[in-house]
Amino acid sequence: MVERLVPDELWELFQRVVPEAPTRPQGGGRRRHRDRDVLAAIVFVATSGCTWQQLPAASVGPSGATAHRRFTEWSKARVWAKLHRLVLDELGSRGELDWSRCAIDSVNMRALKRGSLTGPNPVDRGKYGSKIHLITERTGLPLSVGISGANVHDSQALIPLVQGIPPIRSRRGRRRRRPGKLHGDKGYDYNHLRRWLRDRRITPRIARKGTDPQRLGRHRWTIERTMAWLAGCRRLHRRYERKASHFLAFTSIACTLICYRRLTSTDDIQDASV
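These numbers come from a predicted model, not from an experiment.

Q: Any chance you could explain the overall build of the chain here in plain terms?
A: Tallying secondary structure elements over the chain gives 10 helices and 6 strands in all. Taken over C-alpha atoms, the radius of gyration comes to 20 Å for the chain, in line with the 19 Å a tight globule of 274 residues would show. Principal axes of the C-alpha set define a box for the chain whose edges measure 65 × 55 × 35 Å. For the chain, the residues scored as buried account for 49% of the 274 residues in total. Across the chain, contacts joining residues at least 24 apart in sequence account for 67% of those joining residues at least 6 apart. Only carbon and sulfur atoms are counted for the fraction: they give 47% of the accessible area of the chain, which is about 14300 Å². Treating the 53 positive side-chain charges of the chain as one cloud and the 25 negative ones as another, the clouds have centres 7 Å apart.

So, in structure tokens, the structure goes:
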């Protein structure tokens, strides 16, 4: 099961971002579980949606308490964001990222516990929840992700998300972090956002209030599909974590798995051509 959840290529990428294991100056202590086994346990929790206590230690290896402890340790070290960027770099170096058009959108989910970055959802009878904000490139691969309370307006996330796009490798030339165009729905229809995008040489393609946005849907359907891909990470069906850093970590893991699937699909195509 470990090799199925964490393939060799993903494990090689993870080894480049995981911090060194702490050592005991006095020696002794229990033997530390292998990082690959713990990573497989974390991926199992993220994709299956089970609790840490329900983790099948007989199949994966570490217990739920050990996996949660290592998950907290790696989240503090921003391992998941680094891994997501590393997979994006691999895709960019192969020319798999299309920067001509990007799209921005958000999705709401209910929070079962009141933690940081939660708020009353105006479209869910005031139930507390959170939002996942996302920017994807033309084919739907997530480039930048963020979270907020459910009562935060979508327009407030545009600037932080665009600024949060990391410099990603290209097949040739310098790293790139600026799309050619940015598509958004009517929630981003504000003049100051259009001016901000144009100042950074990004063409805004934002639907205007009072108009029919059917033409915009020809390019925004990819981000709607990406939101459905995120739902494949069952841990994101509801927000179970009190800490916002843990919820963001699971979101980054889901985005990394989406990008990694594209990475492996290109490898399969290259192997078939050979």
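The rest of the description comes next.
Q: For this particular structure, what's the right way to read the packing of aromatic side chains?
A: Centre distance and the angle of the planes are the two values used to describe a pair of aromatic rings. Summed over the entire model, instances satisfying the criterion amount to 8 aromatic pairs. An angle of 25° between the planes, with centres 5.9 Å apart, marks the rings of Trp11 and Phe14 as stacked. Of this pair, Trp11 and Phe14 both sit in helix H2 (residues 8–15), 3 residues apart, which is roughly one turn of that helix. Note on Trp11: relative accessible area 16%, which makes it buried. Lying over the aromatic face of Tyr128, Arg114 brings its terminal NZ or CZ to 3.9 Å of the ring centre.

Q: I tried to follow the pairing of strand S4 (residues 142–149) on my own but got confused; where do I start?
A: Remember that side chains alternate between the two faces of the sheet whenever the strand is regular. Burial runs high along S4: 8 of the 8 residues are buried. Pairing between strand S3 (residues 128–136) and S4: 7 bridges, direction antiparallel. Bridged to Leu134 within S4 is Val145. Joining the antiparallel neighbours S3 and S4 is a turn of 5 residues, in which Gly140 adopts a positive phi near 105°.

Q: Explanation requested: the pattern of salt bridges in the structure shown.
A: Should the charged atoms of two oppositely charged side chains come close, the side chains can pair. Throughout the structure, instances matching the rule amount to 14 salt bridges. A salt bridge links Arg36 to Asp8; the nearest nitrogen and oxygen atoms lie 2.8 Å apart. Note that Arg36 is positioned in helix H3 (residues 35–48) and Asp8 in helix H2, a separation of 28 residues in sequence. According to the relative accessible area criterion, Arg36 is buried, its value standing at 11%. Where Asp37 meets Arg34, a salt bridge forms, and the shortest distance between an N and an O atom there is 2.8 Å. Look at Arg34 and you get partly exposed, because its relative accessible area is 49%.

Q: Just checking my understanding: could you explain the nonpolar core for this structure?
A: As a rule of thumb, nonpolar side chains are buried together in soluble globular proteins. The biggest cluster of nonpolar side chains holds 74 residues, and the ones touching the most others in it are Phe14, Trp74, Trp80, Leu158 and Leu230. Top element by residues in this core is helix H10 (residues 244–273). It accounts for 12 residues. If we ignore the near neighbours within four places in the chain, the residues touching Leu230 are Ile132, Leu134, Leu236, Ala254, Cys255 and Ile258.

Q: For this particular structure, what's the right way to read helix H5 (residues 64–76)?
A: Since one α-helical turn is 3.6 residues long, residues separated by three or four positions face the same way. For H5, which comprises 13 residues, the first-to-last C-alpha distance of 18 Å matches the rise-based estimate of 18 Å (1.5 Å per residue) to within 8%. Where H5 is concerned, the buried positions are Gly64, Thr66, Ala67, Arg70, Phe71, Thr72, Trp74 and Ser75. Arg78 occupies a position one or two residues after H5 and carries a positive phi of about 55°.

Q: Is there a simple way to explain the environment of Ala111 in this structure?
A: Tracing the chain through its elements places Ala111 in the loop between strand S1 (101–110) and strand S2 (119–120). Residues Ala111 and Tyr240 lie 129 residues apart in sequence; the distance between their C-alpha atoms is 6.3 Å. In contact with Ala111, not counting residues within four places along its chain, are Thr118, Tyr128, Gly129 and Arg239.

Thresholds, definitions, all that
Residues numbered from 1 in each chain as written. Predicted model: local features only at pLDDT ≥ 70, side-chain atom pairs only at ≥ 80, totals over all residues. Heavy atoms only, no water. Helix = DSSP H or I, 4+ residues; strand = E, 2+ residues; numbered from the N terminus. Rg over C-alpha atoms; globule rule 2.2 N^0.38 Å. Buried < 20%, exposed > 50% of the residue type's maximum accessible area, 1.4 Å probe, protein only. Contact = heavy atoms within 4.5 Å. Areas by Shrake-Rupley, 256 points an atom, 1.4 Å probe, with all protein chains shown as cover. Lys, Arg positive; Asp, Glu negative; His and termini not counted. Charge placed at Lys NZ, Arg CZ, Asp CG, Glu CD. Phe/Tyr/Trp six-rings, centres within 6.5 Å; stacked < 30°, edge-to-face > 60°. Lys NZ or Arg CZ within 6 Å of the ring centre and 35° of its normal. Pairing = 2+ DSSP bridges. Salt bridge = Lys/Arg side-chain N within 4 Å of Asp/Glu carboxyl O. Core = buried A, V, L, I, M, F, W, Y, C linked by side-chain atoms within 4.5 Å. Expected span 1.5 Å × (residues − 1).

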